[in-house]
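# Observations on chain architecture
In case you want the letters, here they are:
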Amino acid sequence: MKILDYMRDNFIFLDGGMGTLLQEAGLKPGELPERWNVTHPEEIIRIQKAYFDAGSNVVLANTFGANCLKFDDEELEKLINAAFANAVKAKEESNGKQEKFIALDIGPLGRLLKPYGDFEFEDAVAAYAKTVKIGAKAGADLVFIETMNDSYDTKAALLAVKENCDLPVFVSNAYGSDGKLMTGASPASMVAMLEGMHADAIGANCSLGPEQLIGVMEEYLEYASVPVLIKPNAGLPRDEGGKTVYDVYPPEFSDCIKLLLEKGVRIVGGCCGTTPDYIKAVVDKASKVTPVPVTDKNKSLVSSYTHAVEFGHSPILIGERINPTGKKRFQQALRDNDIDYILNEGLKQADAGVQVLDVNVGLPEINEPEMLESVAKELQAVTDLPLQLDTSDPVAMERGLRCYNGKAMVNSVNGKDEVMDAVFPLVAKYGGFVVCLTLDEGGIPETAEKRVEIAERIVKKAASYGIAKKDLIFDPLAMTISADTTAALATIQAVHDIRHGLGANTSLGVSNVSFGLPSRNIITSTFFALTLEQGLSAAIMNPYAMEMMNVYYAFRALHNMDANCTDYITYAQSLPAMAPAGANAGAGANNANTSGSNAKGSQMTSGGAGDASSGNVSALQNAIIRGLKEQAGNITKELLKEVKPLDIVQQEVIPALDIVGKNFEEKKVYLPQLLMAAEASKEAFEEIKKEMAKSADGAGPKRCSFVIATVHGDIHDIGKNIVKLILENYGFDVHDLGKDVPEQVVVDKVVELHAPIVGLSALMTTTVPAMEETIRLLREQAPWAKVTVGGAVMTQEYSDRIGADKYCRDAMETVRYAEEVEKSLKG
């Protein structure tokens, strides 16, 4: 039986942890578990057989870290083939009577993708593809992508699977205690992206125990129309007699899993610290539960790398200003490749309160596919608003969709078959929420009835590509009343009929209605109000038009879409401060993406990494906070003509980083914004260094030395690289030894520099002993050095047990500790 057939009516039981059991079997610190497929196959078979005997339907082949960044092509193929041979033998030897399947297990590459890291998205896709091809050929029944803590890396892995095999694919992400991925994604945003790309099951694993993941699971179950999975840790690790144990035991673990099964989770297993005993307890408890049917939640979602925006409840504002039509300055920016100008257009609209940005860069004399990809990437580096990719060029559309981090809006298709046949396959592959214009070969129908007929044809055509009605939004086209005074009536009726008759979402470019008339905003805003009353889901509009924003906030307040009228009050209080002309009409109304605008639990500020629109920051601080690298460099260059370099550092750069850092610590912004602010400050520092190199001071003073490394046996350096970047931006003299660094190499560098601080990172439980040994040697040979530790597997108790001076949860906590140490050195 195929696994997709089996799981329609049954729970799927996954296996439990592998790394901790291999350590108990003798896996040495720094030894790669995948090599045991060849060197110790009997141990792998023993563990996997035990899971099958305990009742697991799916056992993951021992391939979690099997990728081309760790192994050359020949060894990679050898290890994966051996992994499946072992799993097959375990399956054959098991006495379990349940249906059994073997999954290709794919874990993260351990590299942060651009723009936040140094690894290209397409290189990640290619790396995952190598593993997928070998695993599929080796006989995998399905692919299990797990422990992914970044949405973009998740997309790369899923795309590699979809492009290189036809196996079912389950996708599981690792959430922190704040219910977000490391790079900020909410569960709803992951549902939007992964369902759009047709993952067969989605959910969470690792990081936390089952009780701590209940909130994450509830959000998945609210939005997901595919089976939801969970594979939690056995709680948190602690030391007991020199041995690592976990604080949740099989009875408590299985009770919590039973509760989640009753809520609707369909696929369950365990991660770090769990054993066959845990799986057996889960299987036994599940026998008393009837599977909850998986239903279509009918949620219309788009997403960015942080949050989802839901259509169909509160109206959504789509900013129209990133578009060259009728905008000479914008057209020139495209010709000059002036990306900063385009980014500022996006950021200003975010400040004005839009929830989605339309992105149209179509100009005959430029390379539109290249420009759309570039602008989409750059915009996503500075704002977390979802984007609407607006192009009639299918090549440009594919470039934009492929690089987009999330689920984008797609603008647009119409009733012409050749247009739908060009765009719908792209949406079926990459996901998307498609704007559908109600016109066809006959043009734009005069009547609402004919426009609805076109909409119905589009729904049927989309279904043939596997695209549901919930992923379509119809634009019944606003026509100017200056040419036909009945035009608005037909559009208003069409909005009503499509929303309430067809049951689909609607959108309009509302300003078209007033073309050719004086005082256009009077007509446009009134038309906007009338269409909202008929069920308009979204409007592509100018957020700087006060009349339009007045209607929007008043409509939401009057229709009970604004709890306690909070957004309306915030907006109204900002009105007196607005300049009457050319002003940012929504300034101060940054809370517009609430109360139904965003998916539950996914609200956050959208314009940048700090309060850059309040007027309380300088131009350079604003550029750094928003992550505008080129602008930060240019402003610094001008400042250096009048201000001393160190004054710029102390009065501009460090305060800006502190604003971002404080917001990061308070969970107001997430890792991407912190990293982009750091990159912008680097541009400022480069200009400062050039200036200081001209003086007797050379490149200027550095703060104390800080040696940093990922410990022996661990090749995951994302966290270490993030800490390095932030420390450097605060002026510390960072010596990065890289990843998989032998213990004595770390000690030798600390002794050579007489460095006062050492930072050690580890992602895997199997490499914690190497961290402990490094600290032991440091205490013997460099007793003056303070040691800070971090990484996904670390806890305060772990840190205390291995003798570290400080456990740091993130980069900013490391900076604060380094500042304390430096201060103590100065007395």
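All of these numbers come straight from a predicted model, not from anything done at the bench.

With that settled, consider the sheet that holds strand E22 (residues 733–736). Backbone hydrogen bonds are what pair the strands of a sheet, in a parallel or an antiparallel way. Overall, parallel pairing links the five strands, which are arranged E22-E21-E23-E24-E25 in an open sheet. Two strands bound the open sheet, and with one partner strand each, they are E22 and strand E25 (806–807). Here strand E24 (residues 786–790) pairs with E25 via two bridges, running parallel. In the strand pairing of E25, Thr-788 is matched with Lys-806. Along the sheet face, helix H28 (residues 768–781) touches strand E23 (757–761) and E24 and points at about 175° away from the line of E24. Against the sheet, helix H30 (residues 811–825) contacts strand E21 (705–710), E23, E24 and E25, and its axis sits at roughly 175° relative to E24.

On to helix H11 (residues 276–286), then. For an α-helix, the turn length of 3.6 residues means that residues three or four places apart are oriented alike. Among all positions in H11, only Pro-276, Tyr-278, Ile-279, Ala-281, Val-282 and Ala-286 are buried. Next to the buried residues of H11 lie strand E1 (12–13), helix H2 (19–24), helix H4 (41–54), helix H10 (250–263) and strand E10 (267–268).

It is worth spelling out the packing of helix H7 (residues 151–164) against helix H15 (residues 394–403) at this point. Any two packed helices are characterised by how steeply their axes cross, that is the angle between the axes, and by the distance between the axes. For the pair H7 and H15, the least separation of the axes is 10 Å and the interaxial angle reads 120°. Our classification of the angle between H7 and H15 gives oblique. Along the contact surface, H7 presents Tyr-152, Lys-155, Leu-159 and Glu-163, while H15 presents Leu-401, Arg-402 and Cys-403. Residue classes in the contact of H7 with H15 are distributed as four nonpolar, no polar and three charged.

With respect to the secondary-structure elements, Lys-231 resides in strand E7 (residues 228–231). Take Lys-231: its relative accessible area is 2%, and that puts it in the buried class. Among the polar contacts made by the side chain of Lys-231, one reaches the main-chain carbonyl oxygen of Gly-270 at a distance of 2.7 Å. The contacts of Lys-231, once residues within four sequence positions are left out, are Leu-14, Asp-15, Gly-16, Leu-60, Phe-144, Glu-146, Ala-204, Asn-205, Cys-206, Gly-269, Gly-270 and Cys-271.

In this section: the packing of helix H12 (residues 328–335) against helix H13 (residues 339–352). Look at H12 against H13: their axes get within 8 Å of each other, and the N-to-C directions meet at 135°. Taken together, the axes of H12 and H13 are oblique relative to one another. Across from Arg-329, Phe-330, Ala-333 and Leu-334 in H12, the residues of H13 making contact are Tyr-341, Ile-342 and Glu-345. For the contact of H12 with H13, the residue count by class is five nonpolar, no polar and two charged.

What follows is about the domain arrangement of the protein chain. Entries for the protein chain in the domain assignment read domain 1 (3–286), domain 2 (300–578), domain 3 (581–694) and domain 4 (705–826). At the junction of the two partners, domain 3 supplies 15 residues and domain 4 supplies eight residues. Across the interface of domain 3 and domain 4, roughly 1000 Å² is buried in total on both sides, 67% from carbon and sulfur atoms. For the interface between domain 3 and domain 4, the tally reads two salt bridges. Here domain 3 is connected to domain 4 by six residue pairs in polar contact (both at pLDDT 80 or more). Put simply, the parts of the chain that give the side of domain 3 that touches domain 4 at least two residues each are helix H24 (645–665) and helix H25 (671–693). At eight residues, H25 tops the list of elements feeding residues into the side of domain 3 that touches domain 4.

Moving on, we come to the sheet that holds E10. Strand order across the open sheet formed by eight strands is E1-E10-E7-E6-E5-E4-E3-E2, with parallel pairing between neighbours. At either margin of the open sheet sits one strand with a lone partner, and together these are E1 and strand E2 (58–60). Pairing geometry for E1 and E10, over two bridges, is parallel. Of the residues in E10, the one forming a bridge with Phe-13 is Val-268.

What follows covers the pattern of salt bridges. Going through the model one piece at a time under the given rule, you end up with 51 salt bridges. In this structure, Lys-348 and Glu-345 form a salt bridge, with 3.5 Å as the shortest nitrogen-oxygen distance. Here Lys-348 and its partner Glu-345 are both found in helix H13, three residues apart, which amounts to about one turn of the helix. Across the pair Lys-720 and Asp-736 runs a salt bridge whose closest N-O atoms are separated by 3.0 Å. With a gap of 16 residues between them, Lys-720 in helix H26 (residues 718–729) and Asp-736 in strand E22 connect regions that are remote in the sequence. Classification of Asp-736 as partly exposed rests on a relative accessible area of 27%.

Bringing the packing of aromatic side chains into the picture now. For the structure shown, the criterion picks out 12 aromatic pairs. On the basis of an interplanar angle of 85° and a centroid distance of 6.0 Å, the ring pair of Tyr-175 and Tyr-220 is categorised as edge-to-face. Residue Tyr-175 is located in the loop between strand E5 (169–173) and helix H8 (187–196), and its partner Tyr-220 is located in helix H9 (residues 214–223); the two are separated by 45 residues in the primary sequence. Under the relative-accessibility criterion, Tyr-220 is labelled buried at 0%. Three or more aromatic residues link up through ring pairs in this structure, and these residues are Tyr-552, Tyr-553 and Tyr-571.

Residues Ala-538 and Ile-540 point to one face of strand E20 (residues 538–541) and Ala-539 and Met-541 to the other, with burial holding for every one of them. The pairing of strand E13 (residues 316–322) with E20 spans four bridges and is classified as parallel. Paired with Ile-316 across the bridge in E20 is Ala-538. At this point the chain moves from strand E19 (residues 505–509), through helix H19 (residues 520–533), to the parallel E20, and the crossover so formed is right-handed.

As a further point, take H30. When the terminal C-alpha atoms of H30 are compared, their 21 Å separation across 15 residues agrees well with the 21 Å that a helix rising 1.5 Å per residue should span. Residues of H30 that are buried include every one of Ala-811, Met-812, Glu-813, Thr-814, Val-815, Tyr-817, Ala-818, Val-821 and Glu-822, and no others. Sitting at the head of H30, Asp-810 places a side-chain oxygen 3.2 Å from the backbone nitrogen of Met-812. Once H30 ends, the next one or two residues include Gly-827, with phi positive near 75°.

The next point concerns the pairing of strand E11 (residues 300–303). Both faces of E11 are covered, namely the face carrying Ser-300 and Val-302 and the face carrying Leu-301 and Ser-303. Hairpin remark: E11 followed by strand E12 (residues 308–311), antiparallel, with four residues in the connecting loop.

Criteria and thresholds
Residues numbered from 1 in each chain as written. Predicted model: local features only at pLDDT ≥ 70, side-chain atom pairs only at ≥ 80, totals over all residues. Heavy atoms only, no water. Pairing = 2+ DSSP bridges. Helix = DSSP H or I, 4+ residues; strand = E, 2+ residues; numbered from the N terminus. Contact = heavy atoms within 4.5 Å. Axes fitted to C-alpha atoms, helices over the stretch in contact; angles between N-to-C directions. Buried < 20%, exposed > 50% of the residue type's maximum accessible area, 1.4 Å probe, protein only. Parallel < 35°, antiparallel > 145°, perpendicular 65-115°, else oblique. Nonpolar A, V, L, I, M, F, W, Y, C, P; charged D, E, K, R; others polar. Polar contact = N/O pair within 3.5 Å; in protein donor to acceptor, adjacent residues only side chain to side chain. Domains from an automatic or database assignment. Buried area = accessible area lost by both parts, 1.4 Å probe. Salt bridge = Lys/Arg side-chain N within 4 Å of Asp/Glu carboxyl O. Phe/Tyr/Trp six-rings, centres within 6.5 Å; stacked < 30°, edge-to-face > 60°. Right-handed = clockwise from strand over helix to strand, strands pointing away. Expected span 1.5 Å × (residues − 1).

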